[in-house]
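# Geometric and topological summary
Spelled out, the chains give:
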Amino acid sequence: MLYENISKLVQYGIETGLTPICEKNYTINLLLELFHEDDYVEPEENYTDINLEEVLNALLDEAVERHLIEDSIVYRDLFDTKMMNCLMPRPSQVQKEFWTRYEKNPVEATDYFYKLSQDSNYIRRYRVEKDQKWTFDSEYGTIDITINLSKPEKDPKAIAAARLAKSGSYPKCLLCPENEGYAGRVNHPARENHRIIPITINDSPWGFQYSPYVYYNEHCIVFNSQHVPMKIERNTFVKLFDFVKLFPHYFLGSNADLPIVGGSILSHDHFQGGHYTFAMAKAAIEKHVTIPGYEDVEAGIVKWPLSVIRIRHKDEKRLIDLASHILEVWRGYTDEDAFIFAETDGEPHNTITPIARKVGDTFELDLTLRNNITTKEHPLGVYHPHAQYHHIKKENIGLIEVMGLAVLPSRLKEELELLEEYILEHKDINSNEKIRKHADWVSEFLPRYDHIDEENIQEILRTEVGRVFVHVLEDAGVYKCTPEGRAAFMRFIDNL
């Protein structure tokens, strides 16, 4: 079966355009070497419409049988990435093709690169498809919800091996350009099938790639070619708009640069963007404001659970100037009555999560005000999901959540399925350790529904999860959507 599956994999490469037909023999030989196989007989059957997951699994089983790898998700992922790289064009070829297409149309260039990133199995389509997705209609707009199932759970063997493995410093992190072509190890994913497009923003070298987990359409990552920490400053806004000018069909945003309100990787300067319109981008300005010295810039408070100032102008330089001014004032702003403190004991608390986009011929920048202060009552953050919602979402509210997409932990898949069973069968939720944390929540929302059965239980649970996520976003807002909160918001704007 080895020959048949190698033939199928090579045919997949040819069908998808990863492998030129003139490189067929070369690619077969690369794959044979991986399997320590000296012989090959071309199968008589012609294969078409190849199912990549099936072929890779068959080849991985063969590798296990030959004792080339251990039968573990981590080692299988390392090996199938090696196999896919045998089909792949070199980085320079990908870059040349990208920029050739870009000359015609930026959309054509990103379409090509996104397809290649999926065909190469860098984005594992068959895993991403397992993610559970739905929407929730809130007073702020249609919120996206996803339970992330595309990151594989490590098995105990691999976890033990990773613990014993020497801690490597190359690449320095998952975002460094040195990941391109890296074979990986038990504690660092393989990236041999990964390709990066070099771009220039703010007159400095950066990289453009897609996220392997694609939480939304064409979820891209733009990262500094140097391993330098996140920092929100004037140049941040310059970089965001330089990218949007290169790819006007994409938005680009940055996580904040402080713990709690920042992203998962603060050690490497990077942005996230894509070809998707989130609920926050669709939300209207609820109150227009005029900022002295910037009367020509449309500005206002967005109807959104987090505290967002939207500014719009056809000249992005005016937005860069105004955003820099707002950031500078916010960094040093304290309003004790609103529990906003610029710093405590020398630790800074105020920062911004910015998102840039182009709408028609107008540039737009959303500035989300963030504060990471903690108290005894809220040790994980005052403007962070509060403890009563941790059974659904405990993790930081980063850029993606700020825009209106809940990325929820994989544990919720099993927990929600158990809740369906326990609710329908009137079992005691407190009796099951896995779902005990949800008992108070369930008893709080059940009275809202007159009739619950197998037909509507999933929809009810998904609706209530959506409701919780909106509360989580409201917790993250430094100014609440109340008359008192909006008055405090205006006090800040009056200081600009």
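This section reports on the structure supplied with the text.

Quick notes on the rules
- Residues numbered from 1 in each chain as written.
- Predicted model: local features only at pLDDT ≥ 70, side-chain atom pairs only at ≥ 80, totals over all residues.
- Heavy atoms only, no water.
- Salt bridge = Lys/Arg side-chain N within 4 Å of Asp/Glu carboxyl O.
- Helix = DSSP H or I, 4+ residues; strand = E, 2+ residues; numbered from the N terminus.
- Buried < 20%, exposed > 50% of the residue type's maximum accessible area, 1.4 Å probe, protein only.
- Contact = heavy atoms within 4.5 Å.
- Pairing = 2+ DSSP bridges.
- Axes fitted to C-alpha atoms, helices over the stretch in contact; angles between N-to-C directions.
- Polar contact = N/O pair within 3.5 Å; in protein donor to acceptor, adjacent residues only side chain to side chain.
- Parallel < 35°, antiparallel > 145°, perpendicular 65-115°, else oblique.
- Left-handed = near helix turned anticlockwise from the far one by under 90°.
- Nonpolar A, V, L, I, M, F, W, Y, C, P; charged D, E, K, R; others polar.
- Expected span 1.5 Å × (residues − 1).
- Core = buried A, V, L, I, M, F, W, Y, C linked by side-chain atoms within 4.5 Å.

Further remarks concern the pattern of salt bridges. One pass over the full model with this rule turns up 41 salt bridges. As a salt-bridge pair, Asp321 and Arg234 come within 2.6 Å of each other at their nearest N and O atoms. Taken as a pair, Asp321 in helix H11 (residues 316-331) and Arg234 in helix H9 (residues 234-246) lie far apart in primary sequence, 87 residues in all. With a relative accessible area of 27%, Asp321 lands in the partly exposed category. The exposure class of Arg234 is partly exposed, given its relative accessible area of 41%. In this structure, Arg331 engages Asp257 in a salt bridge whose closest nitrogen and oxygen atoms are separated by 2.9 Å. Of this pair, Arg331 sits in helix H11 while Asp257 sits in the loop between strand S6 (251-253) and strand S7 (270-274), placing them 74 residues apart in sequence. Take Arg331: its relative accessible area is 27%, and that puts it in the partly exposed class. Ionic contacts of the salt-bridge type, sharing partners, join the residues Glu298, Arg310, Arg312, Arg357, Glu364 and Asp366 into one network.

This part is about the environment of Phe113. Structurally, the position occupied by Phe113 is in helix H6 (residues 106-119). Assessed through its relative accessible area of 0%, Phe113 is described here as buried. Between the C-alpha atoms of Phe113 and Asp257, which are 144 residues apart in sequence, the distance is 29 Å. Excluding residues that lie within four positions of it along the chain, Phe113 makes contacts with Val94, Phe98, Arg195, Ile196, Ile197, Phe208, Gln209 and Tyr210.

Bringing the sheet that holds strand S10 (residues 308-313) into the picture now. Read across the open sheet, the 10 strands follow the order S3-S4-S5-S7-S6-S13-S14-S10-S9-S8; overall the sheet is antiparallel. Only two strands of the sheet have a single neighbouring strand rather than two, namely strand S3 (197-201) and strand S8 (285-289). Direction aside, neighbouring strands of the sheet carry axes that sit 25 degrees apart on average. Direction of pairing for S6 relative to strand S13 (residues 350-359): antiparallel, over a ladder of 2 bridges.

Another point: the environment of Glu414. Its location among the elements puts Glu414 in helix H13 (residues 411-424). Given the relative accessible area of 37%, Glu414 is considered partly exposed. Distance in space between the C-alpha atoms of Glu414 and Ile435 is 9.2 Å, their sequence separation being 21 residues. Reaching out from Glu414, the side chain makes a polar contact with the side chain of Lys434 at a distance of 2.6 Å.

Let us look at the packing of H9 against H11. Two elements in contact, H9 and H11, have axes whose closest approach is 9 Å; the angle formed by their N-to-C orientations is 150 degrees. Considering their axes alone, H9 and H11 lie roughly antiparallel with respect to each other. For H9 against H11, the interelement crossing comes out right-handed. From H9, Arg234, Phe237, Val238, Phe241 and Lys245 reach across to H11, where they touch Glu316, Leu319, Ile320, Asp321, Ala323, Ser324 and Leu327. Tallied by class, residues from the contact of H9 with H11 come to 7 nonpolar, 1 polar and 4 charged.

On to H11. Its 16 residues give H11 an end-to-end C-alpha distance of 22 Å, which sits within 8% of 22 Å, the value for a rise of 1.5 Å per residue. What H11 keeps buried is the set Glu316, Leu319, Ile320, Leu322, Ala323, Ser324, Ile326, Leu327, Val329 and Trp330. Against the buried residues of H11 lie H9, S10, S13, strand S14 (362-371) and helix H16 (483-493). Regarding H11, its N-cap is Asp315, as a side-chain oxygen of that residue lies 3.0 Å from the backbone nitrogen of Lys317 further along.

The next point concerns the environment of Gln11. Relative to the helices and strands, Gln11 is located in helix H1 (residues 2-16). Each C-alpha atom of the pair Gln11 and Tyr479 lies 57 Å from the other, and the pair is 468 residues apart in sequence. With residues up to four places along the chain from it excluded, the contact list for Gln11 reads Tyr47 and Ile50.

In terms of nonpolar packing, the biggest core is built from 103 residues, with Phe208, Tyr479 and Phe492 touching the most fellow members. Broken down by element, the residue count for this core peaks at 8 residues, all from H11. The contact partners of Tyr479, leaving out residues within four places of it in the chain, are Pro305, Ser307, Trp330, Tyr333, Ala338, Ile340, Leu369, Gly485, Arg486, Ala488, Phe489 and Phe492. Formed by 52 residues, the second largest nonpolar core is a distinct cluster that contains Phe136, Ile145, Leu399 and Tyr422.

Moving on, we get to the sheet that holds strand S15 (residues 405-408). The 3 strands lie next to each other as S1-S2-S15, forming an open sheet whose pairing is mixed. In this open sheet, the two edge strands, each paired with only one partner strand, are strand S1 (132-138) and S15. Pairwise comparison of adjacent strand axes, ignoring direction, gives a mean angle of 20 degrees for this sheet. Packed onto the sheet, H13 meets S1, strand S2 (141-147) and S15 and runs at close to 100 degrees relative to S2. Sheet contacts for helix H15 (residues 457-476): S1, S2 and S15; angle to S1, the most-contacted strand, approximately 65 degrees.

The buried count for S14 comes to 10 of 10 residues, which makes it a mostly enclosed element. The two faces of S14 match: Thr362, Glu364, Asp366, Thr368 and Arg370 on one face and Phe363, Leu365, Leu367, Leu369 and Asn371 on the other face are all buried. As judged from the 6 bridges shared by S10 and S14, these two strands associate in the antiparallel manner. Bridging across to S14, Ile309 finds its partner in Leu367. Note that S13 and S14 share 10 bridges and pair antiparallel. From the neighbouring strand, Pro354 faces S14, where its bridge partner is Leu367. Remark: 2 residues form the turn of the hairpin made by S13 and S14, two consecutive strands paired antiparallel; Gly360 in that turn has positive phi of roughly 65 degrees.

Looking at where Lys239 falls in the secondary structure, it is placed in helix H9. For Lys239, a relative accessible area of 8% corresponds to the buried category.

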